[in-house]
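# Chains, contacts and geometry: an overview
Residues per chain are reported as follows:
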Amino acid sequence: MFSWPEPFIWRALLAAVGLAVIAAPLGCIVVWRRMSYVGETLAQAGLLGVALGLALKVDLTLAVVLAAVAAAGLLTLLGRQHLVSLDSALGLTHHATLALGIAAIALAKGPGIDLMSYLFGDVFAVTRSDLVWVYVGGAAVLAMIFYLWEPLVRLSLHEDLATAEGVDPKLTRAAFDLLLAVVIAVAMKVVGILLVMAFLVVPAVAARPLSTTPERMALLAAAIAVISTIFGLWLSLSSDLPGGPSIVIAMCTVAAISLLAGSRRQG
Amino acid sequence: MSLFRPSDAAGLQTVAAEGPPACGHVHDGGHEPQPAGDALISARDLWLRHGGRDVIAGVNLEVRCGEIVTLIGPNGAGKTTLVRLILGIEKPDRGLIVRPPTTRIGYVPQRFEVDRTIPMTVRSFLALGGSAAATDIESALDEVGALRTAHQQLSRLSGGETQRVLIARALLRRPNLLILDEPARGVDFAGEAELYELIGGLRDKRHLGILLVSHDLHVVMAKSDRVICLNGHVCCSGKPEHVSQHAEYARIFGPKGAAALSVYRHHHDHAHDLTGETKPLGDADAQRRGS
């Protein structure tokens, strides 16, 4: 017998689908600019943001955005030094923020603070106000991405050419980092800090072999993300698996099939 | 707050020169150097320090309508840095870049290797960030001899095709000054000659000023009106044959470099056939690089 899903399932579905659509175009840029590791680092700085937000009693989403933006600024500075490669600098920052975040959460320990829910999220615990964040914040992010799209693609292709043609690389990059921070903060509730970047990167990777232009890749990534999200939630409910990881498993399956088909066609 | 700088605000050091150069119209073949007032861009006493070293030391440079200026110099001589200063990507510590408001620059960067992860057809690349109509894109591709690449993926082009597509993109901006940074890099020898043929042809047909960066001397020099030999500072400059006999030039490139140049010019005067004649040149070039 078919029974109408409970409201919490609807909320989970709406939040995850909304997030999937927002994350897809950003994920393409992240893939093109080879920024997955940067994104991971920003996401883990978010955990530090949660701890600071709890300690200072400010809105957690805002605290996460601020922490991620601060981390982006730190990475920009680290990118200017020449003692170690950016990869090593990221390795340092990535683990430092994660360790500091976990330690700070432990210090801020109080009633109802659950580290696991920040690390892995809980899509079925999404509230109405979370939904407002996803859709209002998401609409703003999509509008910004639409405006920034062309300069971002040009910078991804060739930074000097774009700059010589009049794109401002610093401002564009800063705006993108800000968008990334907002998406990470919003996504944390749904998929958690450890799997946020999968929401961005995996659909983009899955879309690449099937795309001939940047715009098509972004649209396809969004479509793949939405389908995987629906399938992942169904998997989660029917097999009693955690929601976020189930969605990511579905996304990765699509990506694997797409890459396999793509390499077949090439070879 | 705009994400785009007006393209003629290339930095604080840029000043607008009075008296726009009459340039960009087609001349019947003539491309004699013109008076100094016609400069499309001029760099005056540029200085830039990087890592405790003067990468650019008191460089003066000028490009006028219809003239090909070739910037040569060994690796690390600051050629690309100078181009970045002229384009306003980087700012000099001292010095001026004078750029009349009528100067429109088309830029062909060095090492344009498109990441495979970015799906992009040649056509969509040429349309990106501009307002070119489909017919403009086609005629630009036709002009550079790359029309058949229109639907190919950018990351799959050969070195020569990539350079042609980049030149087409530069032309779509309707430039009167074309700046090409090592356009022959990653192009085989025959392709290199064709590429310089194309660039020379653009100068003749569109009466463009051209600033060409190269560390290969022979082919470039034959087509240049003026050669500037850079090694942090300007070592010497002048007509190609003048520069090749300059003591400073010989010191930097060695007698073999100078020999390669004269060999090429001799052959170039006879024919454009590049099959047999190029062999000894290539050897001499290899020896120069090795030395």
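Given the structure is predicted, the values throughout are model-derived calculations rather than measurements.

### Some remarks on the interface of chain B and chain A
Listed by partner, the interface residues are 31 residues for chain B and 29 residues for chain A. Buried surface at the junction of chain B and chain A, both sides included, amounts to about 2,800 Å², of which 61% is carbon and sulfur. The tally of links between chain B and chain A comes to three salt bridges. Asp115 of chain B serves as the salt-bridge partner of Arg34 of chain A, at 2.7 Å between the closest nitrogen and oxygen. Run the count over chain B and chain A and you get nine residue pairs in polar contact (both at pLDDT 80 or more). Put simply, the parts of the chain that give the side of chain B that touches chain A at least two residues each are helix H1 (79–87), helix H2 (122–127) and helix H4 (159–172) of chain B. Considering only residue class, the side of chain B that touches chain A consists of 16 nonpolar, seven polar and eight charged.

### Points about the pairing of strand E8 (residues 209–214) of chain B
All names here are of chain B. When you tally the buried positions in E8, you get six out of six residues, the bulk of the element. When strand E4 (residues 68–72) meets E8, the two strands line up parallel, connected through five bridges. Note that in E8 the partner of Thr70 across the bridge is Leu212. Here five bridges tie strand E7 (residues 177–181) to E8, and the two strands are oriented parallel to one another. In the strand pairing of E8, Leu178 is matched with Ile210. Chirality of the crossover, the property in question, places the unit of E7, helix H5 (residues 189–206) and E8 among those that are right-handed.

### Thoughts on the environment of Pro7 of chain A
Residues and elements named next belong to chain A. Along the chain, Pro7 turns up in helix H1 (residues 7–32). With relative accessibility at 52%, the residue Pro7 sits in the exposed group. Placed 117 residues apart in sequence, Pro7 and Phe124 show a C-alpha to C-alpha distance of 9.7 Å.

### Focus on the sheet that holds E8 of chain B
All names here are of chain B. Spatially, E6-E7-E8-E4-E9-E10 is the arrangement adopted by the six strands of the open sheet, whose pairing is mixed. The open sheet terminates on both sides in strands that have one partner only, identified here as strand E6 (105–108) and strand E10 (233–238). If you compare each strand with its neighbour and ignore which way they point, the axes differ by 15 degrees on average. Together, E6 and E7 form the strand contacts of H4, whose direction differs from that of E6 by roughly 165 degrees. Where H5 meets the sheet, it contacts E4, E7 and E8, and its direction lies at approximately 160 degrees from that of E8.

### What to know about the packing of H4 of chain B against H5 of chain B
All names here are of chain B. At a closest axis distance of 11 Å, the pairing of H4 and H5 adopts a crossing angle of 15 degrees. Viewed along their axes, H4 and H5 adopt a mutual orientation that is roughly parallel. Along this stretch, H4 crosses H5, giving a crossing that reads as right-handed. Together, Gln163, Arg164, Ile167 and Leu171 of H4 and Glu194, Leu195, Leu198, Ile199, Leu202 and Arg206 of H5 make up the contact between the two elements.

Criteria and thresholds
- Residues numbered from 1 in each chain as written.
- Chains lettered and ligands numbered in written order.
- Predicted model: local features only at pLDDT ≥ 70, side-chain atom pairs only at ≥ 80, totals over all residues.
- Heavy atoms only, no water.
- Contact = heavy atoms within 4.5 Å.
- Buried area = accessible area lost by both parts, 1.4 Å probe.
- Salt bridge = Lys/Arg side-chain N within 4 Å of Asp/Glu carboxyl O.
- Polar contact = N/O pair within 3.5 Å; in protein donor to acceptor, adjacent residues only side chain to side chain.
- Helix = DSSP H or I, 4+ residues; strand = E, 2+ residues; numbered from the N terminus.
- Nonpolar A, V, L, I, M, F, W, Y, C, P; charged D, E, K, R; others polar.
- Buried < 20%, exposed > 50% of the residue type's maximum accessible area, 1.4 Å probe, protein only.
- Pairing = 2+ DSSP bridges.
- Right-handed = clockwise from strand over helix to strand, strands pointing away.
- Axes fitted to C-alpha atoms, helices over the stretch in contact; angles between N-to-C directions.
- Parallel < 35°, antiparallel > 145°, perpendicular 65-115°, else oblique.
- Left-handed = near helix turned anticlockwise from the far one by under 90°.

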